[in-house]
Amino acid sequence: MIKIIAIGDVVGKAGRQALAKSLPLIRERIDPDIVIVNGENAAGGFGITKKIYKQFIENFSIDCVTTGNHWHDKREIFEFLPQAERLVVPANMSNVESIEMGYKILEDRNGNPFAVINLIGNAFMQPGNRNLFKTIDLIMDRIPQNVKVRIVDVHAEATSEKQGVGRYLAGNVSLVFGTHSHVQTADERILEDATGYITDIGMTGPYESVIGIKTEAAIARMKDNERKRFEPASKDLWTPFIEVSVDPKSGLCHSIKRYRWELSKLINDDQK
Ligand SMILES: [Fe+2]
Ligand SMILES: [Fe+2]
């Protein structure tokens, strides 16, 4: 059985600190074969830099970094993306030129092939993105038959759309997880005895905030339409994630478990 860990949107420096604290413990306790992290907010809350991508891959040994609507916020990504073998951007986003940029076929530490697919929602997201469901069809046709382990990050606002994607792919992929809302949902389950599913893993980062952004600026924008600069918050670090086991021969999901590590409590517990 392959053990997969998926970690939701890492927000800013605090998110990277949460990741740095959690990952060694996750590796010690769960010993995963594959670790996938959504990095769309890793650099100052918006986008990802080459330095952070390299840190994720080389220092944290993350197998694949997925992204979302903020993938391009740090313009340097346009330079390093073509060489970034473990980075995917939403295949159907309007500014993503080819669907090849939206999926990768990689190998786990035992040589088992797996595919990671990144898609963006059409509902309540920026206009102009291509049809999510039709893009999935195109990608599924291109993934070789021998790649049984297929993992989908659906980066979307609407819970209904994410459930739709889960149902659409049930039986044909190993795992569909949602990102983008920055709030973990409690609906993890296995669809059609085959496909692990959760609507959103939740944000990795500072929870004394409004979805990772400093509270004052977020409220000023909502209440008075003030365009205060959005900065990531820094306090109360949590790492929510899922642990999923998949049979590498069939690609079927056998279990999905949801975690919500509040780091201050976790560290205190360890010291008891
Ligand atoms: Fe995000
Ligand atoms: Fe997002």
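Residues numbered from 1 in each chain as written. Chains lettered and ligands numbered in written order. Predicted model: local features only at pLDDT ≥ 70, side-chain atom pairs only at ≥ 80, totals over all residues. Heavy atoms only, no water.

**Quick word on helix α5 (residues 159-169)**
(1) Moving on: Residues of α5 that are buried: Glu161, Lys162, Val165, Gly166 and Leu169. Along α5, the residues classed as buried sweep out an arc of 145 degrees about the axis, all on the same side.
(2) Moving on: Looking at the buried side of α5, the elements it contacts are α4 (132-142), β6 (149-155), β7 (175-179), β8 (189-191) and β9 (195-198).
(3) Moving on: Phi for glycine 171, located one or two positions after α5, is positive at around 95 degrees. (Buried < 20%, exposed > 50% of the residue type's maximum accessible area, 1.4 Å probe, protein only. Helix = DSSP H or I, 4+ residues; strand = E, 2+ residues; numbered from the N terminus. Arc of directions from axis to C-beta. Contact = heavy atoms within 4.5 Å.)

**Re the coordination of the iron ion (ligand 1)**
(1) Moving on: At 2.1 to 2.2 Å from the iron ion (ligand 1) lie its protein donor atoms, namely Asp9 (OD), Glu40 (OE), Asn41 (OD1) and His182 (NE2).
(2) Moving on: Each of the four donor atoms bound to the iron ion (ligand 1) contributes to angles spanning 90 to 166 degrees, and the resulting shape is irregular.
(3) Moving on: Ordering the donors of the iron ion (ligand 1) by residue number gives the pattern D-x30-E-N-x140-H.
(4) Moving on: Separating the iron ion (ligand 1) from the iron ion (ligand 2) is a distance of 3.4 Å, and glutamate 40 supplies a donor atom to each of them.
(5) Moving on: Taking the relative accessible area as the measure of exposure, asparagine 41 reaches 3% and is therefore buried. (Donors = N, O, S within 2.8 Å, 3.2 Å for Na, K, Ca; no water. Tetrahedral: all angles 85-135°; square planar, octahedral: opposite > 155°, others 65-115°.)

**A closer look at the layout of surface pockets**
One simple way to see leftover space: roll a probe sized like a water molecule over the atoms.
(1) Moving on: Of the voids in this model, the largest pocket is the one considered here, and its volume is about 360 Å³.
(2) Moving on: Lining of the largest pocket is provided by 17 residues; of these, His70, His180, His182, Ile211 and Ile213 occupy positions nearest its centre.
(3) Moving on: If you trace the second largest pocket, you find it lined by Gln145, Val147, Lys148, Arg150, Gly171, Asn172, Val173, Ser174, Ala194, Ser250, Gly251 and Leu252.
(4) Moving on: Tallied by class, the residues present in the lining of the second largest pocket amount to four nonpolar, six polar and two charged. (1 Å grid on protein atoms, 1.4 Å probe; cavity = no way out; pocket = protein on both sides within 12 Å on 5 of 7 lines; lining within 4 Å. Points joined across faces, edges and corners; volume = space filled by probe spheres on them. Nonpolar A, V, L, I, M, F, W, Y, C, P; charged D, E, K, R; others polar.)

**Regarding the nonpolar core**
(1) Moving on: Ranked by size, the top nonpolar core spans 39 residues in total, and within it Leu19, Phe56 and Ile62 carry the most contacts.
(2) Moving on: Here the element with the most residues in this core is helix α1 (residues 12-30); it accounts for seven residues.
(3) Moving on: Dropping the residues within four chain positions of it, isoleucine 62 is found in contact with Leu19, Leu23, Arg27, Val35, Val37, Phe56, Ile57 and Arg86.
(4) Moving on: Membership of the second largest hydrophobic core comes to 22 residues, among which are Ala115, Ile136, Val152 and Ala156. (Core = buried A, V, L, I, M, F, W, Y, C linked by side-chain atoms within 4.5 Å.)

**Some thoughts on the sheet that holds β6**
(1) Moving on: The strand order across the open sheet built from six strands is β4-β5-β6-β7-β9-β8, with neighbouring strands paired in mixed fashion. Because the sheet does not close on itself, it has two edges, and the strands there are β4 (103-107) and β8. Within this sheet the neighbouring strands show an average axis-to-axis angle of 25 degrees, counted without direction.
(2) Moving on: Bridging between β8 and β9 involves three bridges; their strand directions are antiparallel. Counterpart to leucine 191 in the pairing with β9 is threonine 195.
(3) Moving on: Relative to the sheet, α4 contacts β4, β5 (113-120) and β6, its axis offset from that of β5 by approximately 160 degrees. (Pairing = 2+ DSSP bridges. Axes fitted to C-alpha atoms, helices over the stretch in contact; angles between N-to-C directions.)

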